[in-house]
Amino acid sequence: MARITGRFRARRGGLVVAAVLCAGIAQAAGPVDHSLRPLARPGMVMHPAPASASAFDAWATDFRRRAEALGIDRALIDRAFLGVSFDPAILKRDENQFQFTKTVGQFLKTAVSEARIRNGRAAMRKYAADLAAIEARYGVEKQIVAAIWGLESAYGAWRGSTDVLSALATLAATSRRGAFFETQLIAALTILQRGEARATDLRGSWAGAMGHTQFMPTSYLQYAEDFDGDGRRDIWSDDPRDALASTAAYLAAHGWTHGQPWGVEVRLPEDFDYLLADRRIEKMPSDWAALGVRGIDGQPVPDHAPASILLPGGHRGPAFMIFPNFAVLERYNTADAYVIGVGHLGDRLMGAGPVGHPWPDDRALTYDERIELQRRLTERGFDTQGIDARIGPLTINAVRAFQNAQELIPDGYPSPALLAVCAARGAEFRPARMQGKNRKLSLAPAPTLPYRSASRGFR
């Protein structure tokens, strides 16, 4: 039986793959220049944004008092801040991170490239005994740990060279998420105060993520592991074992289930009701099979756990049956593209083939188009509960409700064609033609409509 699950969380970044996620992932599994961990956190207190280095210095003076009140030694603060300075390039990166996007299919071309698969298999052979021991200790499959390692730092090839203290200080003082980054800066100072690292060790991404698997400082304090037993939780050195174990510990702490897939590609029947492709709706795979949903091999998917149907490329793209482990990976990064990238890369490292169904030949909506889509949907009575260019379940639900009202396939996919339809007004908008009881619909022919040129492949 279907059930509405309490595990559904209101994420805003599900389908958008921003430059912060994928611009640095080289086609040949080369270096990444950032953490892929999501940065935004709800309910943050915003700090006023200093417009100059002098304003940053004023913030730093106030921050020193706050840090000391939280137990950070004054002398350590003074030493650490000798090398800390305002970095406008960091602020620019933060401001621009949502401007350029890729679709999930485009992201996977680089995230799961042949070179990344080849390099990952070599890394797994090199650390086979360690990865097996990590899997035995923490109950997280070796290929999942290796896949995160591959996406975050290209298997350690590029762990970041940015001064983390300066990056966090700049973001704490100037970012719209200042409270979050100030918490991370306090955590980084705590790492130094405990003697777990030196200031020179704290190198990473522009957003403050560090090490082989790009841990934020608070995650390090809570989940880092001394797997090699040398008395240090060292995620920074060339030896990746502590970092890999820390990643497994993080996933285990958030509920990873050994032996359960993150998801599997499935085939949907011709008469599939796309309103069922909703993260809040879960069925056992055998119940999905009774509705005609089968694995890509045509066989029923085993009853691993209750599962949902995910359509990251809309009804024209691949369909996935996703399990609770998918939500665990979201705790590492909330973007659907990242989770699918980790899961699919892990599968490929173990010998599985590529995604079977082709991805639609769409482009991703630009930042301005995402803002426009959310605005137009809300104006039409389909409230996205925020106009922030982040396409997550709240916006997807609004898209699906709009599609359903207009008798379009309610797959929740925010494409340029969908935006064009949403932008159509009055007599310019033609109702859809029903193709059958499966709710597959097409736009009525209207070659003079302004949105037809953008409706490539839209049904």
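Look up a bit, the structure's there.
All figures in this text were calculated on a predicted structure; none of them were measured in a lab. (Residues numbered from 1 in each chain as written. Predicted model: local features only at pLDDT ≥ 70, side-chain atom pairs only at ≥ 80, totals over all residues. Heavy atoms only, no water.)

Caption draft 1: Layout of unusual backbone geometry. A positive phi is found at Gln214, a non-glycine position, where the angle reads about 55 degrees. Take Gln214: it is sitting in the loop between β5 (203-204) and α11 (217-223). (Helix = DSSP H or I, 4+ residues; strand = E, 2+ residues; numbered from the N terminus.)

Caption draft 2: Focus on the layout of surface pockets. Put simply, the second largest pocket is a space of about 360 Å³. Along its surface, the second largest pocket is lined by 21 residues, and Gly263, Val264, Glu265, Ile296 and Asp347 are the ones closest to its centre. Broken down by secondary-structure element, the contributors of at least two residues to the lining of the second largest pocket are β6 (263-267) and α15 (336-349). The leading source of residues in the lining of the second largest pocket is β6, at 3 residues. Split by residue class, the lining of the second largest pocket holds 11 nonpolar, 7 polar and 3 charged. (1 Å grid on protein atoms, 1.4 Å probe; cavity = no way out; pocket = protein on both sides within 12 Å on 5 of 7 lines; lining within 4 Å. Points joined across faces, edges and corners; volume = space filled by probe spheres on them. Nonpolar A, V, L, I, M, F, W, Y, C, P; charged D, E, K, R; others polar.)

Caption draft 3: A look at the sheet that holds strand β10 (residues 319-322). Overall, antiparallel pairing links the 4 strands, which are arranged β8-β6-β10-β9 in an open sheet. The open sheet has two edge strands, β8 (294-295) and β9 (308-310), and neither has a second partner. Direction of pairing for β9 relative to β10: antiparallel, over a ladder of 3 bridges. When the sheet's bridge partners are listed, Ile309 is paired in β10 with Met321. (Pairing = 2+ DSSP bridges.)

Caption draft 4: Broad picture of the environment of Arg316. Within the secondary structure, Arg316 sits in the loop between β9 and β10. Arg316 sits in the partly exposed class, given a relative accessible area of 22%. Each C-alpha atom of the pair Arg316 and Pro360 lies 6.0 Å from the other, and the pair is 44 residues apart in sequence. (Buried < 20%, exposed > 50% of the residue type's maximum accessible area, 1.4 Å probe, protein only.)

Caption draft 5: Focus on the pattern of salt bridges. The full count for this structure, using the stated rule, is 22 salt bridges. With its nearest N and O atoms 2.7 Å apart, the salt bridge here joins Glu369 to Arg363. The buried category is assigned to Glu369, whose relative accessible area is 17%. Arg363 sits in the partly exposed class, given a relative accessible area of 38%. Through salt bridges that share partners, Arg198, Asp201, Arg232 and Asp234 make up one connected network. (Salt bridge = Lys/Arg side-chain N within 4 Å of Asp/Glu carboxyl O.)

Caption draft 6: Structural context of helix α18 (residues 416-423). By the criterion of burial, α18 is predominantly enclosed, with 7 of the 8 residues buried. Taken as a whole, α18 has its buried residues at Pro416, Ala417, Leu418, Leu419, Ala420, Val421 and Cys422.

Caption draft 7: The environment of Phe63, seen in detail. Following the sequence through the fold, Phe63 ends up in helix α2 (residues 53-69). Since its relative accessible area comes to 0%, Phe63 is described here as buried. Discounting chain neighbours no more than four positions away, the residues touching Phe63 are Phe81, Glu182, Leu185, Ile186 and Leu189. (Contact = heavy atoms within 4.5 Å.)

Caption draft 8: Fine view of the nonpolar core. Core analysis: the biggest nonpolar cluster contains 89 residues, and Trp59, Leu165, Leu202, Leu251 and Leu329 have the highest contact counts within it. Excluding its chain neighbours within four sequence positions, the residues that come into contact with Leu165 are Ala80, Val84, Leu185, Ala188, Leu189, Leu192, Ala199 and Leu202. (Core = buried A, V, L, I, M, F, W, Y, C linked by side-chain atoms within 4.5 Å.)

Caption draft 9: Main features of the packing of aromatic side chains. Within the structure shown, the criterion is met by 18 aromatic pairs. Ring centres of Phe56 and Phe86 lie 5.6 Å apart, and the angle between their planes is 40 degrees; on these two criteria the pair is classed as tilted. One end of the pair, Phe56, is in helix α2; the other, Phe86, is in the loop between α3 (74-81) and α4 (88-96), with 30 residues separating them in the sequence. Ring pairs connect the aromatic residues Phe56, Trp59, Phe63, Phe81 and Phe86, which therefore count as one cluster. Residue placement shows Arg233 over the ring face of Tyr220; its charged tip is 4.7 Å from the ring centre. (Phe/Tyr/Trp six-rings, centres within 6.5 Å; stacked < 30°, edge-to-face > 60°. Lys NZ or Arg CZ within 6 Å of the ring centre and 35° of its normal.)

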